[in-house]
Protein chains: 2
Amino acid sequence: MSRFLSKASESLLPYTPGEQPQGRKFIKLNTNECPYPPSPKVAEAILAGYEEIAAGCGTAGAAGRAEKADCGCDAGATEAGKMAEKVAQIMPPELANLRLYSDPEERVLIEAIAAHYRVGTNQVIAGNGSDEILGFAFRAFCDSEAPLQFADLTYGFYPALCGLYGIPFRVVPLEEDFTLNIEPYKNCGNNVIIANPNAPTGMNLPLSAIEEVAASNPDRVVMVDEAYVDFGGESCVSLLPKYENLVIIQTFSKSRSLAGARVGFAIANPELIADMNRIKYSFNPYNVNRLSILAGAAAMRDWDYTKECTGRICKTREKTTEALRALGFTVLDSKTNFIFAKSGDMPGKVYFDGLREAGILVRRWDSERIKDYVRISIGSEEEMETFVKETEKLVEAARKGR
Amino acid sequence: MSRFLSKASESLLPYTPGEQPQGRKFIKLNTNECPYPPSPKVAEAILAGYEEIAAGCGTAGAAGRAEKADCGCDAGATEAGKMAEKVAQIMPPELANLRLYSDPEERVLIEAIAAHYRVGTNQVIAGNGSDEILGFAFRAFCDSEAPLQFADLTYGFYPALCGLYGIPFRVVPLEEDFTLNIEPYKNCGNNVIIANPNAPTGMNLPLSAIEEVAASNPDRVVMVDEAYVDFGGESCVSLLPKYENLVIIQTFSKSRSLAGARVGFAIANPELIADMNRIKYSFNPYNVNRLSILAGAAAMRDWDYTKECTGRICKTREKTTEALRALGFTVLDSKTNFIFAKSGDMPGKVYFDGLREAGILVRRWDSERIKDYVRISIGSEEEMETFVKETEKLVEAARKGR
Ligand SMILES: Cc1ncc(COP(=O)(O)O)c(C=O)c1O
Ligand SMILES: Cc1ncc(COP(=O)(O)O)c(C=O)c1O
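Position numbers for residues start from 1 in each chain and track the written sequence from start to end. All chains are assigned letters beginning at A, and all ligands numbers beginning at 1, according to the order in which they are written. Side-chain atom pairs in this predicted model are given and counted only at pLDDT of 80 or more, local residue features only at pLDDT of at least 70, and totals for whole chains, interfaces and linings cover all residues. Side-chain metrics in this entry use all non-hydrogen atoms of the structure; hydrogen atoms and water are not considered.

1. Structural notes on the site of ligand 2
Proximity is defined per residue: if any heavy atom of the residue lies within 4 Å of a molecule or strand, that residue is considered near it. Around ligand 2 lies a shell formed by Tyr-101 of chain A together with Gly-129, Ser-130, Asp-131, Tyr-155, Asp-225, Ala-227, Tyr-228, Thr-251, Ser-253, Lys-254 and Arg-262 of chain B. This site is not confined to one chain, since residues near ligand 2 come from chains A and B. N or O atoms closer than or at 3.5 Å make up a polar contact, with two conditions inside protein: a donor-capable atom paired with an acceptor-capable one, and, for residues adjacent in sequence, both atoms drawn from side chains. Ser-130 of chain B places a polar main-chain atom, nitrogen or oxygen, 2.7 Å from an oxygen atom of ligand 2. Protein burial of ligand 2: of its 390 Å² of free accessible surface, 96% is covered by the chains. Classifying every residue of the shell around ligand 2 by side-chain character gives 4 nonpolar, 4 polar and 4 charged. Per-residue and other accessible areas follow the Shrake-Rupley method at a 1.4 Å probe size, with only the shown protein chains counted as cover for residues. Residue polarity follows a fixed list, in which Ala, Val, Leu, Ile, Met, Phe, Trp, Tyr, Cys and Pro are nonpolar, Asp, Glu, Lys and Arg are charged, and the others, Gly among them, are polar.

Here it is in structure tokens:
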């Protein structure tokens with residue numbers, strides 16, 4: 001901390017991301033990434049550029065083509081023109097076009113999202129990951145007069161963001177069994193954020209519960225973080241026409257295999273989206289880069305591929321859950337691409353360290369309530385078979401040790 | 001504005017980005033983009049992936065290789081494995097790797113920047129455009145006890161960001177001739193941001209002036225926004241060892257032809273960089289996406305290409321400046337990739353509209369002091385020849401009209 005750090009920044013609680021493996025090859029089950037690559041359409045879109053994607057998407061055509069035509073490639077006959085031409089020839093057009101700013105309105109992407117969820121384009125905003133979208137929403141709707149309420153065990157980034165924007169928050173403990181009781185959320189006087197399904201528990205609330213919370217807080221904003229909804233949850237997009245106070249936040253990082261592209265989005269009523277855009281244009285007008293706009297649009301359109309990937313991951317999740325339970329683990333019911341599990345034979349720290357030793361990274365927190373749990377992202381079938389085998393060894397060793 | 005917008009957000013002054021042309025083909029001289037594509041090395045890096053770039057960069061190797069080896073491609077023999085394999089085969093490896101989060105420490109990129117400027121890797125932070133970096137710096141160092149001071153005519157995003165973070169600011173008018181007098185910045189009690197060269201004037205302060213400001217405010221942070229420094233300015237990186245209160249902010253958007261990749265960075269003393277990282281990890285730990293980290297690293301290493309592009313642009317700028325002056329324009333001395341110019345024959349609005357009519361987009365502001373100026377980004381030689389021809393026609397018409 002330097003002596004220049006502002007008073008306001010001293011008390012921040014920065015988020016700690018999962019470990020990025022260095023040097024050694026790990027099976028990486030610690031940040032809820034998808035084990036499968038993104039849709040082949042994503043690569044096609046990036047290599048072909050805006051012109052191609054525009055061809056398959058009526059209204060976005062103009063934007064795409066204008067950008068393309070604008071490229072320095074057609075600079076012509078002079079020295080400088082020749083240089084530009086030479087470079088452009090060896091470079092996919094959209095990479096040459098990186099010289100141009102991205103579309104601040106992210107039209108191609110917003111249109112793909114709106115079409116998929118059957119909402120208006122004025123009901124969607126996109127961001128540099130859903131982390132950024134969460135920031136837009138928190139900053140737009142919360143302040144000392146409208147604090148934020150969320151669970152004690154949920155996405156650790158919520159309190160970090162509240163710190164950043166000086167937003168007071170109220171933490172409500174989950175029940176003993178990690179279910180979220182909605183009673184304290186009804187008519188609560190606060191803005192609310194619920195991750196559904198929740199992280200790190202993986203547990204899911206039915207749509208009716210979300211509806212009760214939205215209905216009972218008509219003068220507060222109810223945000224639902226659906227980062228993991230495509231793995232067995234049910235999106236509350238269908239509730240939007242009835243509740244003007246709902247903000248639904250999703251990401252391309254999990255079910256669409258694009259964590260590294262950093263694309264997230266929110267769906268809400270047009271007025272709330274306009275509020276969030278106010279923040280965006282005060283913060284970073286060109287917040288999503290050119291290639292990620294393309295990648296996100298292509299991934300959103302290839303719903304069949306997403307379904308195939310999520311289907312496989314759910315299957316692997318069920319298989320892994322069964323195997324762990326057979327080994328004496330408590331495993332919460334998950335509707336996500338990870339499971340939250342506790343060994344009956346060893347403390348969480350011992351299990352975590354044992355897995356790491358065996359080349360498998362998972363995630364664990366020190367906080368009292370969950371210190372014996374680890375969160376395991378669902379990898380490929382092979383990875384999970386290795387994971388189960390290594391777990392068997394650790395359980396056996398723990399049982400012998402006693 | 002919805003009824004849910006927080007009190008704190010009502011008074012925001014969101015930034016208005018330059019127009020993104022739709023439908024019609026324009027010569028786009030309104031957002032200071034580079035007319036030339038990025039270095040061929042950028043495309044190579046994106047298509048080859050982290051393994052390739054690691055090979056050329058000792059210390060980053062481990063990170064690069066671990067990511068690569070981690071890819072779902074080697075998932076193997078099952079159904080799911082086959083699907084992943086099939087997709088991976090038709091996709092450049094780094095596009096398949098988009099399923100993985102980006103390195104939150106952006107090692108490959110930070111190392112390339114640090115090597116180029118001969119500073120430590122702990123003296124560099126990267127962001128989603130320098131707009132994001134400005135946000136980190138403002139939020140880290142400014143608050144009601146440490147307000148921010150800047151010029152009346154400078155980058156319009158500064159007051160927008162102050163609004164977002166509730167930072168009080170003091171605006172100091174430029175002199176009549178648009179030079180920045182450093183007297184009001186000496187020992188001023190505020191944090192300071194100076195764009196050098198400045199936008200939209202294009203004018204440059206000598207290093208000695210920046211040094212005087214830094215030296216006279218030892219207990220305040222002096223931020224220097226060097227977005228345009230590669231077009232004839234002199235970076236104050238050389239002053240860093242002497243002044244622990246200096247923060248230098250740069251971008252890949254202008255001289256490195258990567259506006260659409262969204263990469264910016266700051267160089268400062270390690271403690272100040274640590275402060276800015278505190279903000280980043282409260283805001284968006286994975287703030288730069290995978291492909292832009294690669295693109296930025298490759299562009300930073302290809303300094304010869306950057307020099308070639310900036311050299312051509314400076315030449316075109318001087319030629320355009322002469323031509324406009326010959327047509328009776330007042331043109332400020334520019335050390336950037338744009339010029340700020342006023343016709344002797346017509347109001348700024350008439351000139352702006354005339355250019356637009358002729359298919360040329362430039363930028364103009366309504367504020368009293370500069371309403372007769374337009375800001376013209378330097379395009380390719382051909383584009384600027386067209387621009388001068390159209391300007392000639394407009395001047396002729398204006399003279400006839402009188
Ligand atoms: C519940 C939840 N919300 C949001 C995110 C953020 O995802 P991203 O910023 O990659 O979109 C995560 C990431 O792990 C998460 O677990
Ligand atoms: C003075 C100045 N600083 C910073 C920026 C931001 O650039 P970027 O966010 O693309 O890095 C600009 C862009 O026009 C600028 O003019």
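2. A closer look at the site of ligand 1
All residues in the neighbourhood of ligand 1 are listed as Gly-129, Ser-130, Asp-131, Tyr-155, Asp-225, Ala-227, Tyr-228, Thr-251, Ser-253, Lys-254 and Arg-262 of chain A together with Tyr-101 of chain B. Each of chains A and B places residues near ligand 1. One of the side-chain nitrogen or oxygen atoms of Tyr-228 of chain A is found 2.7 Å away from an oxygen atom of ligand 1. Within the side chain of Arg-262 of chain A, an N or O atom sits 2.9 Å from an oxygen atom of ligand 1. Summarising the interface, the protein chains cover 96% of the accessible area of ligand 1, which totals 390 Å² for the free molecule. When grouped by side-chain class, the residues that make up the shell around ligand 1 number 4 nonpolar, 4 polar and 4 charged.

3. Comments concerning the relation of the copies chain B and chain A
Note on the chain copies: they are related by a rotation about an axis and a translation along it. Least squares is the method used to superpose the copies, on C-alpha atoms of residues holding a pLDDT of at least 70 in both. When chain B is fitted onto chain A, the two copies agree to an RMSD of 0.0 Å after a turn of 180 degrees and an axial shift of 0.0 Å. The transformation relating the two chain copies, once decomposed into turn and shift, fits a two-fold axis. No C-alpha of chain B lies nearer the rotation axis than that of Tyr-165 of chain B, which sits 3.7 Å from it.

4. A few points about the pattern of salt bridges
If the charged atoms of two oppositely charged side chains come close together, the side chains can form a pair. Residue and element names in this part refer to chain A. By convention in these notes, a salt bridge is any Lys or Arg side-chain nitrogen within 4 Å of a carboxyl oxygen on Asp or Glu. Under the criterion given, the structure shown has 48 salt bridges over all chains. With a closest N to O distance of 3.1 Å, Lys-280 and Glu-106 form a salt bridge. You can see Lys-280 sitting in helix 11 (residues 270-283) and its partner Glu-106 sitting in the loop between helix 6 (93-96) and helix 7 (107-117), a full 174 residues away along the chain. There is no split in this pair, since Lys-280 and Glu-106 are both buried. Where helices and strands are cited, they refer to DSSP runs of H or I of at least four residues and of E of at least two residues respectively, numbered from the N terminus. Type-normalised accessible area, obtained with a 1.4 Å probe on protein chains alone, sets the label of each residue: buried when under 20%, exposed when over 50%, and partly exposed for intermediate values.

5. So, the sheet that holds strand 4 (residues 169-172) of chain A
Two modes of strand pairing occur in sheets, parallel and antiparallel, and in both the strands are linked by backbone hydrogen bonds. Residues and elements named next belong to chain A. Strand pairing requires that DSSP identify at least two bridges connecting the strands. Overall, mixed pairing links the 7 strands, which are arranged 2-8-7-6-5-3-4 in an open sheet. The open sheet is flanked by strand 2 (124-127) and strand 4, the only strands paired with a single partner. Neighbour-to-neighbour, the strand axes of the sheet open up by a mean angle of 20 degrees, direction not taken into account. One ladder, built from 4 bridges, connects strand 6 (residues 222-225) with strand 7 (residues 246-251); its direction is parallel. Bridge pairing links Met-223 to Val-247 in strand 7. Whether two residues touch is decided by their heavy atoms; if any such pair falls within 4.5 Å, the residues are in contact. Orientation is described by lines fitted to C-alpha atoms, with helices fitted over the stretch in contact, and by angles between N-to-C directions that extend from 0 to 180 degrees. Strand contacts of helix 9 (residues 157-165): strand 3 (148-151), strand 4, strand 5 (191-195) and strand 6, with the helix running at about 160 degrees to strand 3, the strand carrying the most contacts.

6. Some remarks on the packing of aromatic side chains
Pairing of aromatic rings covers Phe, Tyr and Trp, the last counted by its six-membered ring, and requires centre-to-centre distances within 6.5 Å; plane angles under 30 degrees mean stacked, over 60 mean edge-to-face, and any other angle means tilted. In total, this model carries 34 aromatic pairs over all chains according to the counting rule given. Residues Phe-178 of chain A and Tyr-373 of chain A carry aromatic rings whose centres are separated by 5.3 Å and whose planes lie at 85 degrees to one another, so their mutual orientation is edge-to-face. Note that Phe-178 of chain A is positioned in the loop between strand 4 and strand 5 and Tyr-373 of chain A in strand 12 (residues 373-377), a separation of 195 residues in sequence. No difference in accessibility class separates Phe-178 of chain A from Tyr-373 of chain A, as the two residues are buried. Members of the aromatic cluster, each reached through a chain of ring pairs, are Tyr-15, Phe-138, Phe-150, Tyr-155, Phe-157, Tyr-158 and Phe-169 of chain A. Directly above the ring of Phe-252 of chain B sits Arg-256 of chain B, whose terminal nitrogen or CZ lies 5.3 Å from the centroid. Note that Arg-375 of chain B overlies the ring of Phe-338 of chain B, its terminal NZ or CZ placed 5.6 Å from the centroid. Here, over-ring charges are defined by two tests on the NZ atom of lysine or the CZ atom of arginine: distance to the ring centre within 6 Å, and angle to the ring normal within 35 degrees.

7. Section: the domain arrangement of chain A
Residues and elements named next belong to chain A. By the assigned domains, chain A splits into domain 1 (7-35 + 304-400), domain 2 (50-91) and domain 3 (107-302). By convention here, the domain bounds are inherited from an automatic or database domain assignment. Measuring from the centre of the C-alpha atoms in domain 1 to the corresponding centre in domain 3 gives 25 Å. In this assembly, domain 1 and domain 3 are joined by 1 salt bridge. Residues Asp-152 and Arg-369 are paired through a salt bridge, measuring 2.8 Å at the closest nitrogen-oxygen approach. At the boundary of domain 1 with domain 3, the tally comes to 9 residue pairs in polar contact (both at pLDDT 80 or more). When residues of the side of domain 1 that touches domain 3 are traced back to their parent elements, those giving at least two are helix 13 (303-326), strand 10 (338-342) and strand 12. In terms of residue count, helix 13 provides more of the side of domain 1 that touches domain 3 than any other element does, 7 residues in total. Residue composition of the side of domain 1 that touches domain 3, grouped by class: 13 nonpolar, 7 polar and 7 charged.

8. A short note on the packing of helix 13 of chain A against helix 15 (residues 381-401) of chain A
Residues and elements named next belong to chain A. At a minimum axis distance of 10 Å, the contact between helix 13 and helix 15 shows a crossing angle of 5 degrees. In terms of their interaxial angle, helix 13 and helix 15 are classed as roughly parallel. Taken together, the residues of helix 15 that come into contact with helix 13 (itself represented by Thr-316, Lys-319, Thr-320, Ala-323 and Leu-324) are Glu-381, Met-384, Glu-385, Phe-387, Val-388 and Thr-391. Reported orientations rely on four angle classes, namely roughly parallel under 35 degrees, roughly antiparallel over 145, roughly perpendicular from 65 to 115, and oblique for the rest.

9. Comments concerning the pairing of strand 10 (residues 338-342) of chain B
Successive residues of a regular strand alternate their side chains across the two faces of the sheet. Residues and elements named next belong to chain B. With 4 of its 5 residues buried, strand 10 lies for the most part within the structure. Relative to strand 10, strand 9 (residues 330-331) runs antiparallel, the two sharing 2 bridges. Considered in strand 10, the bridge of Val-331 is made with Ala-341. Count of turn residues in the strand 9/strand 10 antiparallel hairpin: 6 residues. Both strand 10 and strand 12 (residues 373-377) contribute to a ladder of 5 bridges, which runs antiparallel. Counterpart to Phe-340 in the pairing with strand 12 is Arg-375.

10. Some points on the environment of Gly-296 of chain A
Residue and element names in this part refer to chain A. In this fold, Gly-296 is placed in helix 12 (residues 290-301). Residues Gly-296 and Val-108 lie 188 residues apart in sequence; the distance between their C-alpha atoms is 9.0 Å. Residues within four places of Gly-296 in sequence aside, it is in contact with Leu-109, Phe-252 and Leu-258.

11. Some details on the pairing of strand 3 (residues 148-151) of chain B
Residues and elements named next belong to chain B. The pairing of strand 3 with strand 4 (residues 169-172) spans 4 bridges and is classified as parallel. Bridged to Leu-148 within strand 4 is Phe-169. Crossover connection from strand 3 via helix 9 (residues 157-165) to parallel strand 4: handedness right-handed. Here 2 bridges tie strand 3 to strand 5 (residues 191-195), and the two strands are oriented parallel to one another. By the bridge assignment, Leu-148 is partnered in strand 5 with Asn-191. Look down the strands so they point away from you; if the path from the first strand over the helix to the second goes clockwise, the crossover is right-handed.

12. Quick notes on the environment of Ala-261 of chain B
Looking at the secondary structure, you find Ala-261 of chain B in the loop between strand 7 (246-251) and strand 8 (264-268). On the accessibility criterion, Ala-261 of chain B (2% relative accessible area) is buried. Put simply, Ala-261 of chain B and Asn-289 of chain B are 28 residues apart on the chain and 8.8 Å apart in space, counted from C-alpha to C-alpha. Ignoring any residue separated from it by four or fewer positions in sequence, one finds Ala-261 of chain B in contact with Leu-98 and Asn-289 of chain A together with Asn-289 and Ser-292 of chain B.

13. A closer look at the confidence of the model for chain A
Taken over all residues, the pLDDT of chain A has a mean of 90, while the share at 70 or more is 90%. Scored as a complex, the prediction yields pTM 0.91 and ipTM 0.91. pLDDT measures the predictor's confidence residue by residue and takes values from 0 up to 100.

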